[in-house]
Amino acid sequence: MARMTMIQALNSAMDIMLDRDPDVVILGEDVGYFGGVFRATEGLQRKYGEHRVIDAPIAEGGIIGAAIGMGVNGLRPISEIQFADYIYPGFDQIVSELAKLRYRTGGEFFAPVTIRTPCGGGIRGGQTHSQSPEGVFTHVCGLKIIMPSNPYDAKGLLISAIEDDDPVLFFEPKRIYNGPFDGDPDKPAMPWSQHPKGEVPEGYYSLPIGLAEVVREGEDLTVLCYGTMVHVCEAAAKLAEVEAEIVDIRTMIPLDVDTIRQSVEKTGRCVIVHEATRFSGFGAELSATVQEECFYSLEAPIERVTGWDTPYPHAFEWDYFPGQKRVAAAMVKVMEAG
Amino acid sequence: MARMTMIQALNSAMDIMLDRDPDVVILGEDVGYFGGVFRATEGLQRKYGEHRVIDAPIAEGGIIGAAIGMGVNGLRPISEIQFADYIYPGFDQIVSELAKLRYRTGGEFFAPVTIRTPCGGGIRGGQTHSQSPEGVFTHVCGLKIIMPSNPYDAKGLLISAIEDDDPVLFFEPKRIYNGPFDGDPDKPAMPWSQHPKGEVPEGYYSLPIGLAEVVREGEDLTVLCYGTMVHVCEAAAKLAEVEAEIVDIRTMIPLDVDTIRQSVEKTGRCVIVHEATRFSGFGAELSATVQEECFYSLEAPIERVTGWDTPYPHAFEWDYFPGQKRVAAAMVKVMEAG
Amino acid sequence: MTRTPRLHIPHPPARPGDTPDFSYVDISPAGAVPRPDVTTRLRDIERSLAFEMVRVLDEEHAAVGPWDPHLDHHDLQVGLRYMLLTRLFDERMHRMQRQGKISFYMKSLGEEAVSVAAAQALEPGDMLFPSYRNQGLHFARGRNPVDLMCQLLSNTRDMCKGRQMPVMYHWVRGNIFSISGNLTTQYPQAVGWAMASAIKGEEDIAAAWIGEGSSAEADFHHAMTFASVYMAPVVLNIVNNQWAISTFQGFAGGERRPFAARGPGYGIPGVRVDGNDFLAVYAVTRWAAERARQGAGPTLIEHVTYRADAHSTSDDPSRYRPRDEWKAWPLGDPLERLKAYMIREHAWSEAQHEALAAELGAQLDESWEEACGFGTMTDGPTLDRNELFEDVFKDVLPHLIRQRDQFRDLED
Amino acid sequence: MTRTPRLHIPHPPARPGDTPDFSYVDISPAGAVPRPDVTTRLRDIERSLAFEMVRVLDEEHAAVGPWDPHLDHHDLQVGLRYMLLTRLFDERMHRMQRQGKISFYMKSLGEEAVSVAAAQALEPGDMLFPSYRNQGLHFARGRNPVDLMCQLLSNTRDMCKGRQMPVMYHWVRGNIFSISGNLTTQYPQAVGWAMASAIKGEEDIAAAWIGEGSSAEADFHHAMTFASVYMAPVVLNIVNNQWAISTFQGFAGGERRPFAARGPGYGIPGVRVDGNDFLAVYAVTRWAAERARQGAGPTLIEHVTYRADAHSTSDDPSRYRPRDEWKAWPLGDPLERLKAYMIREHAWSEAQHEALAAELGAQLDESWEEACGFGTMTDGPTLDRNELFEDVFKDVLPHLIRQRDQFRDLED
Ligand SMILES: Cc1ncc(C[n+]2csc(CCOP(=O)(O)OP(=O)(O)O)c2C)c(N)n1
Ligand SMILES: Cc1ncc(C[n+]2csc(CCOP(=O)(O)OP(=O)(O)O)c2C)c(N)n1
Ligand SMILES: [Mg+2]
Ligand SMILES: [Mg+2]
């Protein structure tokens, strides 16, 4: 086992897949010679050549559109969108084409494209380098959607995504590329090497898409979260002094309803946390699902803790970010209710 | 009072606003000489000139982008997107620009653009002429979002949208352009002239954005719905023989939480209905909101009745459409629960 | 209001009631445009190819000039057969729509050469990315009309399993890609397909078609940029049939420049061709395909033609253009022109033509009969409704299994 | 693997360690390109304007040829002042970022002429739609550096109210539009603004700037198409500074054609200009603005220049290009070139230059002092956090009022 940051784990996943499968290619802005602005593809072009790790024009719609064509022609493209905030120029190709190709052709054409994109804030990126648009895509039929919270999951799930014959959107919470940020920007950064999930096998392994993970068991209440928020919620539970059962959703589509149901049936209380804005965010679907599945077990209203319903504001980053304090307050509120 | 179809009511709203305000312009594919593929802008170019009602290139991104620039330069553009399914090439301009311009400029720049677009199925349009993508946009901060269910509301709300200094997305359920379709495709079509909401003042009036309407009072359960589904729910309530209180949401942003809360607190039961797909649809936000607001009043799990989580299938239209039978079944289920 | 607007608004030359006027269409004499070697530098050829019009058939129906592909009788007869088949198929399916037997239809009347000649000029392994007005591609690749009819009927043999509107065909075995309702999306996909072919070191190239109106969409630019940057082996076609529903080609930028002229700006040769001249379309496509296969990169082809009928069965063109515009179209009818040439060349006769028409008519009658046997909108076998939940993903995911169960329960 | 890929992949002429090589840049002699009348037909001028390079300053720093704008001493001094101010401002703010006083910065070193000369050539009522590397537009329109510094500090005088990253300025009174993080989105907006001006019959025109890398985005095509169709009074600028973060201009299509050549394909004149030649940029902008104002429509201008420093303070260009590339850049330093010309013309002296540098340096020191008085990242007054909820809509809507209340409760 090696110790890897999330970037290293992602790099390792792509390295292994480029090596195992000659049909895997990478396409994106600055991904080739430079190795990506977050260094996720560092060294890969040198190793696999310019025809496998390809610098692209600055045109997200073209990057996705071309990847679809490549996928139809037997390749297995990984498209990198430099920031999730810049995925929108590729929205039509993702939603109207990539997601629907298999369905509209009666299963006869498909494009096994993986789209990787860094998301989330906390890096002083302002409104166009901080967004978490996963919620929007969860309303689109035909996409699998993943957001890992640690290096081990990132590598195993990215390998699964690349191998999957369905299109996969792979969101990478960039705030935790280098360490498990717990929501306190004033605390010294913790590196992944000190976190158990920073232990990552060097070779090939894959994790099934569609399983949530209970990262902390508890009796008091269930916390549904993913990405960076998993670490924030762990810290918040300590702050709030509650025995929280923390469920890392990991894959939004398909959603692991069984794990969610079992947990909420056990605890009877639920807090949902994400960094994305609240209104119609993925938390709404989680809340609706919990309500439908566990109505008779629920002892208190479900609380959502999320980014506020505003664009991500540069200077107010930590007022905006649903940090420990806000999560802890919601936990306490849910415990006191009912 | 005149009797108008929804198309006539929309046409009347634009006619009046073009007349009252020289800054109002219309921009869209086939909207000018031809009067629009659904005839919503019929006669307006003849009346107000080619510089006010402007045929556009087939480029939704350009239509929105240009409208933003026009709005910044003091005009009040109405952009027509020919089908809501084709709004995605304009997604980046809507989400990254139109919605965020005011915020990112500290309130100093804004573009009062109204985007009209026909949505929804039931017209044998297949997957690219039937979508209801409103849910996706409700997760975007900075847009007001409207979907009327009848000619009277359509006119009053469209006038308000045009007058509003915020960007407004105005979804028009095309299945009810000509009559209040109740979900039964085998029944002879009912024209708007036979419906009370087909009575529409010929002159100027506006309706406030942000108010739901209780279109039918009832004690048994609350139904939250909008657009075409309002009429389907009315019919379904009869079928199910329940005293449903039917709330026409009308505007998704801002959402009239008070009306929703009051109704659910009264009835204790809730069914949510929309034509869009279920997963992460706007119904999820409605469900989460009801759960948060009315937890202690709820006597049964909230039910969602929606399009299935698949693209809109041409031949299976009526298997896909959440028709009377499905809505009625949900009503019965909710009544029997708890 | 005292405003004096000075925004330029494009105007078509004629509106309903006006006399048709096609004086805006620049037409070169047949044989006038030189045919450069496929390796010629773009700089030296761009002006002539993009601004003139490659034409082979002259007014006397003779084939003249350097672009004459010198097709043998067999190839000509195949071309004529599939153009006629396309036209007769369109005619019948349009009638079926009018009779309520199918819900929607789109004809390619007057544009048959664009598809049929191109398909003949390309190799079977080349991947085609059509628009909704390229049914000729299917026929030219030998598709059984029954297959297309079954799609139009959304019946049990519909290759789309009832999920797409009529005309949104595809053909895996025939290497013809799926048609999307969203315009122009196939353009960058074709480029990506071609890039993959080049990455794999394969010989197959891609070709894609859009209407001139669709060239305004973003994906046109994506495709052109990617094709140019990577020198992708792809043939990008713009079918300029003068109209995009109700707006004429000026609303896509055609008032100023031929659409072919977009190519050189990206370093891509643009070729303007008489789209109603079967031989010219064949020759130009062949030239472009050769370039692509030799690694010389992409070509943009503008086919100048005319949409002779309504946009679709939902459209009424008499609202926005003169009823008799097609009659005034200076490039004539592609089918008649090829036929006249063949007769002149003794490759064809009126009698043969009549026989062919009768044969194809009978074939289409039988095909329709056969197609209806797999189900119609009202009778016969129907698709399994449970199919509704398949193919969203490779496997039916848990939430869709639940929804399918719910659906079944409700059906009971 | 036995594949022999044949996909073309663009290569920059030099990588770290290599000797810089700009032989790919076609440079015309100063004065060589004719200056057509603004009403000349595109056909007659497109080749020279888009492929040659408009240059006024020759190797001896003399102004030559038909594009010489014959600026008087005052105008030249103003130009030099604002170019120098831009450069000094960049230098200092870059230093501030390195010292942790601001969080991020983007310099325009080597590209100052592109913005300053253009702003001088346009009228104050013309609306400017900049990219993040056009700070010179603000200075040339007389903006107080304090305003920009306050934005960089996100302090209580930040015109963005702390909501945007550093450099994403705007200026309502100065008619300079807001910068978006999303590339190229301002391009169709500028066209729409210009269309509105034409609709209202007003004289003001719009101008927009993007990088050459950004020209690959869809919005480039939207802007070009709309500008062409409606002959919008707009000047569209592509700043070809050879690099887009780590990828050179070949990845946007520049290997084949000058970016200016994109224009003619749309029926829009494209002019390629020496972007480091203040006089040439001025003259070409003026020419384009005149065309627009006379109703002759849009112009595309490619400014050939070089991004002399890193993409931003987050970038390290030594990873992907030779460290000394700028030194080898054949078009030199725009500031030095203008200065040399002015000295030759007796419009300037070294002494004056030193004095100006000292004056501007002192002004910037004072400005920084003043700006910090409105708050820094660590000290002084801070923005009201409740502002977080304002301006999403014109009014704070009910759900945002609730969230604001929740926020306040938590703060307590
Ligand atoms: C993205 C998108 N926008 C709008 C439409 C509606 N639409 C369908 S066909 C059409 C006209 C296309 O014209 P053109 O490209 O010239 O092709 P033609 O019909 O003439 O063959 C329009 C606007 C669409 N299908 N997709
Ligand atoms: C839509 C979008 N995609 C990607 C980015 C990330 N990005 C920011 S600047 C940049 C390079 C732009 O290069 P160019 O247009 O040449 O401008 P320059 O920086 O050279 O001035 C990229 C890729 C972005 N901001 N927006
Ligand atoms: Mg057309
Ligand atoms: Mg650049």
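Here, every reference points to the structure presented above.
*Asks:* Describe in detail the state of the cysteines, supporting the description with residues and values.
*Replies:* Overall, the coordinates contain zero disulfides over all chains when judged by the stated rule. Not engaged in a disulfide, the cysteine B:Cys119 finds its nearest cysteine sulfur in B:Cys225; these two sulfurs lie 14 Å apart. Judged by relative accessible area, B:Cys119 falls into the buried class, the value being 1%. Free cysteine: D:Cys150, not disulfide-bonded; nearest cysteine sulfur from D:Cys372 at 8.5 Å.

*Asks:* Would you mind going over the coordination of the magnesium ion (ligand 4) in detail, with residue names and values included?
*Replies:* Looking at the metal site, the magnesium ion (ligand 4) is ligated by D:Glu212 (OE), D:Asn241 (OD1) and D:Trp243 (O), spaced 2.0 to 2.2 Å from it. Taking relative accessible area as the criterion, D:Trp243 reaches 4% and is therefore assigned buried.

*Asks:* Mind laying out the environment of B:Val136, listing which residues take part and the relevant values?
*Replies:* Following the sequence through the fold, B:Val136 ends up in helix α6 (residues 134-138). Each C-alpha atom of the pair B:Val136 and B:Arg216 lies 28 Å from the other, and the pair is 80 residues apart in sequence. For B:Val136, the contacting residues outside a window of four places in its chain are A:Phe91, A:Val136, A:His139 and B:Phe91.

*Asks:* Tell me what's going on with the site of ligand 2, and back it up with residues and numbers.
*Replies:* Near ligand 2, the surroundings consist of 20 residues, among which A:Glu60, D:Tyr132, D:Arg133, D:Ser214 and D:Trp243 are the closest. Each of chains A and D places residues next to ligand 2. Between D:Glu212 and ligand 2, the recorded distance is 3.0 Å, taken from a side-chain N or O atom to an oxygen atom. With respect to ligand 2, the backbone of D:Trp243 contributes an N or O atom lying 2.7 Å from an oxygen atom. Here the residues of the shell around ligand 2 sort into seven nonpolar, eight polar and five charged.

*Asks:* Would you mind going over the coordination of the magnesium ion (ligand 3) in detail, with residue names and values included?
*Replies:* By definition of the ideal shapes, a tetrahedral metal site with four donors has angles of 109.5 degrees and an octahedral site with six donors has angles of 90 or 180 degrees. All names here are of chain C. Every protein donor of the magnesium ion (ligand 3) is listed here as Glu212 (OE), Asn241 (OD1) and Trp243 (O), and their distances to the metal cover 2.0 to 2.2 Å. We note that the donor set of the magnesium ion (ligand 3) lies within a single chain, spaced as E-x28-N-x1-W. With glutamate 212 in the loop between β2 (206-211) and α7 (218-230) and tryptophan 243 in strand β4 (residues 243-244), this pair connects stretches of sequence that are 31 residues apart.

*Asks:* Account for the interface of chain D and chain C, with residues named and values stated.
*Replies:* If you look at the interface, chain D gives 51 residues, while chain C gives 51 residues. In this assembly, chain D packs against chain C so that about 4,100 Å² is buried in total across both faces, 52% of it on carbon and sulfur atoms. By the criterion of area lost to chain C, the three top residues of chain D are D:Arg6, D:Leu7 and D:Arg257, representing 18% of everything that side buries. There are zero salt bridges connecting chain D and chain C. Viewed at the interface, chain C and chain D are joined by 21 residue pairs in polar contact (both at pLDDT 80 or more). Looking at the side of chain D that touches chain C, the elements that each hand over two or more residues are α1 (42-51), α6 (186-199), α7 (218-230), α8 (262-265) and α9 (278-293) of chain D. Considering every element that reaches the side of chain D that touches chain C, the biggest residue donor is α7(D), with eight residues. Considered class by class, the residues forming the side of chain D that touches chain C number 22 nonpolar, 13 polar and 16 charged.

*Asks:* An account of the relation of the copies chain D and chain C is requested, with residue identities and associated values reported.
*Replies:* Superposing chain D onto chain C takes a rotation of 180° combined with a translation of 0.0 Å along the rotation axis, leaving an RMSD of 0.0 Å. The transformation relating the two chain copies, once decomposed into turn and shift, fits a two-fold axis. Judged by C-alpha distance, D:Ala218 is the residue of chain D that lies nearest the rotation axis, at 2.4 Å. Comparing interface residues between copies, 100% of those in chain D also lie at the interface in chain C; the contact surface is shared.

*Asks:* Before we move on, can you summarise the sheet that holds strand β6 (residues 144-146) of chain A with the specific residues and values?
*Replies:* All names here are of chain A. Read across the sheet, seven strands follow the order β3-β2-β4-β5-β7-β6-β12 without closing on themselves; strand pairing throughout is mixed. The open sheet is flanked by β3 (53-55) and β12 (251-253), the only strands paired with a single partner. Here the average twist between neighbouring strands, direction ignored, is 20°. In terms of strand pairing, strand β5 (residues 114-119) meets strand β7 (residues 168-173) through six bridges, oriented parallel. Directly across from threonine 114, in β7, lies its bridge partner valine 168.

*Asks:* I'd like a rundown of the interface of chain D and chain B, residues and numbers included.
*Replies:* Interfaces are often sized by the accessible area lost when the parts come together. Counting from both sides, the interface comprises 41 residues of chain D and, opposite them, 44 residues of chain B. Summing the contributions of chain D and of chain B, the shared interface buries around 3,400 Å²; its carbon and sulfur component is 63%. Among the residues chain D hides against chain B, the three largest losses belong to D:Ile199, D:Phe226 and D:Phe393. Together they make up 17% of the total. Across the chain D-chain B interface, the total number found is two salt bridges. The closest approach of N and O atoms between D:Arg402 and B:Glu293, which form a salt bridge, is 2.4 Å. At the boundary of chain D and chain B, one finds 21 residue pairs in polar contact (both at pLDDT 80 or more). Residue assignment for the side of chain D that touches chain B shows that the elements contributing at least two residues are α6, α7 and α13 (398-411) of chain D. Grouping the constituent residues of the side of chain D that touches chain B by class yields 20 nonpolar, 12 polar and nine charged.

*Asks:* Give me the lowdown on the site of ligand 1, citing residues and values where you can.
*Replies:* The full set close to ligand 1 counts 20 residues, and B:Glu60, C:Tyr132, C:Arg133, C:Ser214 and C:Trp243 are the nearest of them. The local environment of ligand 1 is shared, drawing residues from chains B and C. Its residues assigned to classes, the shell around ligand 1 shows seven nonpolar, eight polar and five charged.

About the cut-offs
- Residues numbered from 1 in each chain as written.
- Chains lettered and ligands numbered in written order.
- Predicted model: local features only at pLDDT ≥ 70, side-chain atom pairs only at ≥ 80, totals over all residues.
- Heavy atoms only, no water.
- Disulfide = S-S within 2.5 Å.
- Buried < 20%, exposed > 50% of the residue type's maximum accessible area, 1.4 Å probe, protein only.
- Donors = N, O, S within 2.8 Å, 3.2 Å for Na, K, Ca; no water.
- Helix = DSSP H or I, 4+ residues; strand = E, 2+ residues; numbered from the N terminus.
- Contact = heavy atoms within 4.5 Å.
- Near = heavy atom within 4 Å.
- Polar contact = N/O pair within 3.5 Å; in protein donor to acceptor, adjacent residues only side chain to side chain.
- Nonpolar A, V, L, I, M, F, W, Y, C, P; charged D, E, K, R; others polar.
- Buried area = accessible area lost by both parts, 1.4 Å probe.
- Salt bridge = Lys/Arg side-chain N within 4 Å of Asp/Glu carboxyl O.
- Least-squares fit on C-alpha atoms with pLDDT ≥ 70 in both.
- Pairing = 2+ DSSP bridges.
- Axes fitted to C-alpha atoms, helices over the stretch in contact; angles between N-to-C directions.

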